[in-house]
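Okay, here's what each chain looks like letter by letter:
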Amino acid sequence: MTAARRTPSTDADVPIQRSDARFLRWGKRTLGLNAVLALFFLYAPILVLVIFSFNDSKLAARWEGFTLRWYGSLLQNESILHATRNSLVVALISTALATVFGTMTALAMERFRFRGRRVYDGLLYLPIINPEIVTGVSLLAFFSLTLSALNQAFNLSGDSALRTGLVTVTLTHIAFNIAFVAVVVRTTLKNFRRSLEEAAQDLGANEWVTFRRVTLPLIAPGILAGALLAFTLSLDNFVITFFVTGPGGATLPIEVFGLIRRAISPEINAVSTIMLTISVALIVGSQVIMRRRGVMSDE
Amino acid sequence: MEKRRKLVLSALLLPGALWIVLLYVAPSILIVIYSFLTRQMGGGVIWAFSLDAYQKLFSYNPDSRFINDFVVIFLRTFWWGLLTTFICLAVGYPLAFFITRQKAGTRAVLLFLIIIPFWTNFLVRTYAWKFILNNNGLINVILSSLGFRRIPMINTPFAVIIGLVYGALPFMVLPLYAALDNFNYRYVEAAQDLGASYLTVFRKVFWPLTLPGVVTGSLLVFILTIGQFVVPVILGGGKVSMIGNLLAQQFGMAFDWPFGSAIAVVFILLMMIGIVYYIRVEARKEASS
Amino acid sequence: MNNSKFNRFLILAALLALGLIVAACATPAAPATEGEQAEAPAEAAPAEAASDRCGDPSQLSDQLNFFNWADYIDEDILTQFEEECGVKVVMDNYTTNEELIAKIQAGNSGYDLVIPTDYAVSIMADQGLLAELDMDAIPNAANLDDKTMGMYYDPENKYSLPYQWSTTGLAYNATSFPDGGPDSWAAVFEPEQVCQFKGFVSMLDDPRETIGKALMYLGYDINESSPEAQEEAKNLLLAQKECIAGYNSENYIQNLVNEEVVMAESWAFAAALARAENENIFYVIPKEGGTIWQDNMAVPADAPHAYTAHVFINYLLDPEIGAQLTEWTFGFTPNKAAQELLSDDYHTLMEDGGMLPDEETFQRLHWIERGPGTEIFNDTWTAVKAQ
């Protein structure tokens, strides 16, 4: 069923006029060139930071010779490692939960008519349009009110008192990520052919089976795009996070922001390079496994 | 059956709504309240009603090119936002199209390749751009070693736009990818069978059907861009403000939380008007189809 | 088929990522957050190890939450304190006083020790955010130089003790000034002078500092808030704007080192840091005057580990630790006993670079004060940045 969707529209299918053929060739080349240039644009600064992670100078913008010492000192730098760990934990948890909740929200908004739908539709954009610093300040006030109420209610004080920290950071990241995931998944749902679902149901599949077998595979690209967005937003968020975190709850962006007064430490370049390498390895690794399994299942 | 539907609907809505209402709607109400209170030296607010913030925001300043300096900053921010959105769309649309035309495996790899640079740190990336664009930076060093004159790029609007586009590009590509990937190429074939040229097919079939992705991507890019305040500082030399800088100043050194809140309220209202309009149009389209 | 393949790919990638995170979490415990660390029996408490620099060990907590300016302490000091006294110091950073105030204002922040700059001390004390210091727990306060005590923001040092101080003046690269460095703010404010270095001069991104320098150059007081004076200062800044690289208080140290700018309104400690990497960098307090400022140690009113914070303050005021601190920050120490222990390298750098103010220069240094009427600086700043 899903295979039918992506029948490749090879050029041979259609009688082609000569001008169209030229247009097609030209178009394909332009597309490829655009992609190459865009990737170059995206990776130019990345290349710079990778190179600088091996530069034997703390401040200078010149090449002073190759060194691995930043990687060595990174392993000693507890605060950067700690912040990296915090960032990854928050990003993965908030992405996982926000992707589920955001997709659910998107389904509700696109598949149901209910009272207050339009109002909620607008409210869903609030996390996206609210300037970060405003979100940060207002959440700080909000958490301070609720947490002090809770502390009073349960008579907590000193070390046992509830305060802002990684938990509030994660809760906040989930909140804005839900909005982003929902918006992206809805894009997919809007272009969605309901006829496929109806066909499945006509064939006797119940709602759940229809969802799992038909809807989910079809909106998977949207969910993936949403999840990637969410992960990126969470990993990179500085302003809001600064306001809603607490003792020991610094994330990587906060750590980095503190370092730029003197210089972006080459250790930060080193940690970025390691994260890049792991991400790329992850992608390539899963591709390789996929290919191998693909070969096996073909046999 | 109706009851079951309701149950499903509430189950789908509840977690998202809980988060949004608790962590966004409630604090936003707080901001609206702040905007009508009195400023306090040292930050925070004094709980006494005041319209000072709004009066300041809409006061007339004869020295300024427009009503006052705040409006100038709003207009510049929106202009840069539009420019960035346009560039991102021009680059991102063909890029997303290119990706969706690849095999499943390549597709996923390309998608990840586009997002992975953004898993480094925002500041680190922006500083890397600074290194490239500096007076003694990569480009200028290459230019001068080839015997050309150096071009001042850093601390100009050009550098700011580069930084803004860089930061926003994936937010255009991902929604476009989501929209394009779901595209049914049968429509294109059908149109071609009817003898339509590629341009016509694009204009009449392709573009309209990918419009939701275009709208979402543009919205995300525009909104995220106009909220920026680090890029104009690092790549623009902090010479001119965007709304984000203005806000940061009010909640920071100026200790004027009510004024900052008022700016935010007006800003959010402006954006909401746009979004409500979009929702209306969408609703009308749905009703007609 | 394509899609199921695609989905499997996703699941696989997600699983791998999850494995990574589990591995990340499994690595040795991070400092406790969320106040989750229980009232652990004092097994870590250094019964015999405790030196006389640790106060009363029985009253010490296991952890101290330190909210400090970014990059403003040699982290070895924190490790030493942990080894010596058995207290884990968890440090978080801020980059402006306003961030600090907002966090403490919200209440129950969990921080035990903060480092507000002069004016921020009076703001926080006025709002009741700071605890009165118990001087009995800080015998090392006797090491402090009287000249750094009793400042306008805390006349009796009820809430704060000085941490480091420094000045704001002009840093320049001597290679661009073969006939001698600038001695007046005219070098940055007179268009024909600053435009000689078009795009290579930066000012601090701070309304009080930068408008203040314009006011001083015009012959006003640094805190002058009359609309006429502000208007004049605004016009001076606008005239200069076309020829400067920008307003920068974040990374101009790097810019100085890499000669992206040849002249910058600068903090003395920042100029010293730059000089340590590039010996062409010099610093001057121009004849019209400069700024003096001081950062201070203070304990929030709701600090969970106030006693430990006092002990740590006392530790930082120890002569040796004080010297170690200043060798790292390149600021000036308020600690007379530490002053004598500073290395020759430090002295040479500060004196040759022009950072160390002599008696005569001292007369030209002014404090920036916040008070009624000074809001106007922000409007002037907005106007400068709108154009």
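Residues numbered from 1 in each chain as written. Chains lettered and ligands numbered in written order. Predicted model: local features only at pLDDT ≥ 70, side-chain atom pairs only at ≥ 80, totals over all residues. Heavy atoms only, no water.

Colleague: For the state of the cysteines, give the residues involved together with the corresponding values.
Modeller: All names here are of chain C. With the rule as written, the count across this model stands at two disulfides over all chains. Here cysteine 54 pairs with cysteine 85 through a disulfide, and the sulfurs are 1.9 Å apart. Its S-S torsion of approximately -80° makes the covalent link between cysteine 54 and cysteine 85 left-handed. Taken together, the positions of cysteine 54 in the loop between helix H1 (2-26) and strand E1 (63-69) and cysteine 85 in helix H2 (residues 75-85) put the pair 31 residues apart, joining distant regions of the chain. Accessibility classification places cysteine 54 together with cysteine 85 in one group, the buried group. Here cysteine 195 pairs with cysteine 243 through a disulfide, and the sulfurs are 1.8 Å apart. On the sign convention where negative is left-handed, the bridge of cysteine 195 and cysteine 243, at about 90° about the S-S bond, is right-handed. Linking cysteine 195 in the loop between helix H6 (191-194) and strand E5 (201-203) with cysteine 243 in the loop between helix H8 (227-241) and strand E6 (246-247), this pair joins segments that are 48 residues apart in sequence. The exposure class assigned to cysteine 195 is partly exposed, which follows from its relative accessible area of 32%. Numbered in order of appearance, the disulfide-bonded cysteines of chain C are paired 1-2, 3-4. (Disulfide = S-S within 2.5 Å. Helix = DSSP H or I, 4+ residues; strand = E, 2+ residues; numbered from the N terminus. Buried < 20%, exposed > 50% of the residue type's maximum accessible area, 1.4 Å probe, protein only.)

Colleague: A description of helix H12 (residues 252-259) of chain A should follow, citing residues and the corresponding values.
Modeller: The element H12(A) is largely enclosed, with a buried count of eight among its eight residues. Restricting attention to buried positions, one finds in H12(A) the residues A:Leu252, A:Pro253, A:Ile254, A:Glu255, A:Val256, A:Phe257, A:Gly258 and A:Leu259.

Colleague: Describe the domain arrangement of chain C, and please don't skip the residues or the numbers.
Modeller: All names here are of chain C. When its domains are assigned, chain C resolves into domain 1 (52-160 + 298-317) and domain 2 (166-293 + 346-386). Contacts between the two partners involve eight residues from domain 1 and, on the opposite side, seven residues from domain 2. Around 640 Å² of area is buried between domain 1 and domain 2 when both sides are counted, 65% of it from carbon and sulfur atoms. Ranking the residues of domain 1 by area buried against domain 2 places Asp118, Tyr119 and Tyr152 at the top, with a combined share of 57%. Viewed at the interface, domain 2 and domain 1 are joined by zero salt bridges. (Domains from an automatic or database assignment. Contact = heavy atoms within 4.5 Å. Buried area = accessible area lost by both parts, 1.4 Å probe. Salt bridge = Lys/Arg side-chain N within 4 Å of Asp/Glu carboxyl O.)

Colleague: Provide a residue-level description of the nonpolar core, including the pertinent values.
Modeller: Residues and elements named next belong to chain C. If you look at the biggest cluster of nonpolar residues, it comprises 282 residues, and the most contacted ones within it are Phe66, Ile73, Leu161, Met297, Phe312 and Ile313. Residue assignment places this core across two domains, with domain 1 (52-160 + 298-317) and domain 2 (166-293 + 346-386) each supplying three or more. Beyond its immediate stretch of four places on either side in the chain, phenylalanine 312 contacts Leu64, Phe66, Leu78, Phe81, Val89 and Leu113. Judged by nonpolar contacts, the second largest core, of 27 residues, contains Val188, Phe189, Val262 and Phe377. (Core = buried A, V, L, I, M, F, W, Y, C linked by side-chain atoms within 4.5 Å.)

Colleague: Account for the sheet that holds strand E2 (residues 88-94) of chain C, with residues named and values stated.
Modeller: Residues and elements named next belong to chain C. The strand order across the open sheet formed by three strands is E2-E1-E3, and the pairing between neighbours is parallel. At either margin of the open sheet sits one strand with a lone partner, and together these are E2 and strand E3 (113-114). Note: E1 against E2, seven bridges, orientation parallel. The partner of phenylalanine 67 across the bridge, within E2, is aspartate 92. Its contacts with the sheet place H2 against E1 and E2, and it is angled at close to 155° to E2. (Pairing = 2+ DSSP bridges. Axes fitted to C-alpha atoms, helices over the stretch in contact; angles between N-to-C directions.)

Colleague: Can you break down the environment of C:Ile313 residue by residue, with the values?
Modeller: All names here are of chain C. The topology assignment puts isoleucine 313 in helix H11 (residues 306-316). With ten residues separating them in the primary sequence, isoleucine 313 and alanine 303 have C-alpha atoms 14 Å apart. In this structure isoleucine 313 touches Leu113, Leu133, Ile138, Leu161, Met297 and Val299, once residues within four positions along its chain are discounted.

Colleague: Requested: an account of the interface of chain B and chain A, with residues and values cited.
Modeller: Contacts between chain B and chain A engage 102 residues on the former and 106 residues on the latter. Here chain B meets chain A over a buried area of about 9800 Å², counting both sides, of which 75% is carbon and sulfur. Contact with chain A buries surface across chain B, with B:Tyr24, B:Trp119 and B:Tyr198 losing the most and accounting together for 9% of the total. Across the contact surface, chain B and chain A share two salt bridges. Close ionic contact of A:Glu207 with B:Arg4 constitutes a salt bridge, the shortest N to O distance being 3.4 Å.

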